[in-house]
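Given next are the chains, with one letter for each unit.
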Amino acid sequence: MLKILLVFLMSFKVYSAVILDIEITHEKGLGKKMILKSELMSRERAQNGKLITLKMKNGISLDLEVKYDDKEEVLPEGSVIEMSGILKNDHSKTIKPKSFELNVKLNSTGSVELKDEKGQKTTIALTPKEK
């Protein structure tokens with residue numbers, strides 16, 4: 001019985017995993033001297049091709065898809081992680097969703113800044129790390 005259990009456990013192949021540090025900062029200008037700023041920080045396990053959804057209390061939501069070579073046990077240093085996302089404001093019907101694509105090397109930080117016509121600015125910083 002023990003031999004069968006050992007053979008069963010050794011038959012699983014371990015694949016690489018990516019942890020993604022996500023930081024979203026949303027700034028809304030109420031006047032020339034006043035800015036309302038909201039932040040969300042999260043650490044998510046990013047599975048290849050699976051959707052990550054984050055929502056802020058102010059209605060900003062992010063749908064993020066991560067792609068990387070998951071066939072290796074350990075990702076080599078300098079591997080590029082491909083990310084594509086859609087930023088939307090669930091509280092506003094007039095602000096259209098904005099899409100973006102970002103390629104970031106493992107253990108490096110990449111960011112994208114999205115602005116709209118109402119003076120709102122959202123910055124998304126993404127740092128992929130190997131687990």
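Refer to the structure printed above.
Residues numbered from 1 in each chain as written. Predicted model: local features only at pLDDT ≥ 70, side-chain atom pairs only at ≥ 80, totals over all residues. Heavy atoms only, no water.

Trainee: How would you sum up the sheet that holds strand β6 (residues 98-105)? Please name residues and give values.
Mentor: Pairing within the open sheet is antiparallel, and its 4 strands lie in the order β3-β4-β5-β6. Only two strands of the sheet have a single neighbouring strand rather than two, namely β3 (51-55) and β6. Sheet twist, expressed as the mean angle between neighbouring strand axes with direction ignored, is 20°. For strand β4 (residues 60-67) and strand β5 (residues 80-89), the ladder comprises 8 bridges, and the chain directions are antiparallel. Considered in β5, the bridge of D63 is made with I86. (Pairing = 2+ DSSP bridges. Helix = DSSP H or I, 4+ residues; strand = E, 2+ residues; numbered from the N terminus. Axes fitted to C-alpha atoms, helices over the stretch in contact; angles between N-to-C directions.)

Trainee: Would you mind going over the pattern of salt bridges in detail, with residue names and values included?
Mentor: Applying the stated rule across the entire model yields 6 salt bridges. A salt bridge links K88 to D63, with the nearest nitrogen and oxygen atoms 3.1 Å apart. Separated by 25 residues along the polypeptide, K88 in strand β5 and D63 in strand β4 bring together distant segments of the chain. Several salt bridges share partner residues, and in doing so they unite E27, E113, K115 and K121 into one network. (Salt bridge = Lys/Arg side-chain N within 4 Å of Asp/Glu carboxyl O.)

Trainee: With reference to specific residues and values, describe the nonpolar core.
Mentor: L20, I22, L64, V66 and L126 are the most contacted members of the largest nonpolar core, which has 25 residues in total. Broken down by secondary-structure element, the contributors of at least two residues to this core are β1 (18-29), β3, β4, β5, β6, β7 (110-115) and β8 (120-130). (Core = buried A, V, L, I, M, F, W, Y, C linked by side-chain atoms within 4.5 Å. Buried < 20%, exposed > 50% of the residue type's maximum accessible area, 1.4 Å probe, protein only.)

Trainee: Give a description of the sheet that holds strand β2 (residues 35-46) that names residues and reports values.
Mentor: Across the sheet, which stays open at both edges, the 4 strands sit in the order β2-β1-β8-β7 with antiparallel pairing between neighbours. The two strands at the open ends of the sheet, each matched to only one other strand, are β2 and β7. Geometrically, the sheet is characterised by an average inter-axis angle of 15° between neighbouring strands, direction not taken into account. Bridge count for β7 against β8 is 6 bridges, and the pairing is antiparallel. Bridging across to β8, S111 finds its partner in A125.

Trainee: Outline the pairing of β2, supporting the account with residue identities and numerical values.
Mentor: Bridge analysis of β1 against β2 gives 12 bridges, and the strand direction is antiparallel. Bridging across to β2, T25 finds its partner in E39. Between β1 and β2, which pair antiparallel in sequence order, lie 5 residues.

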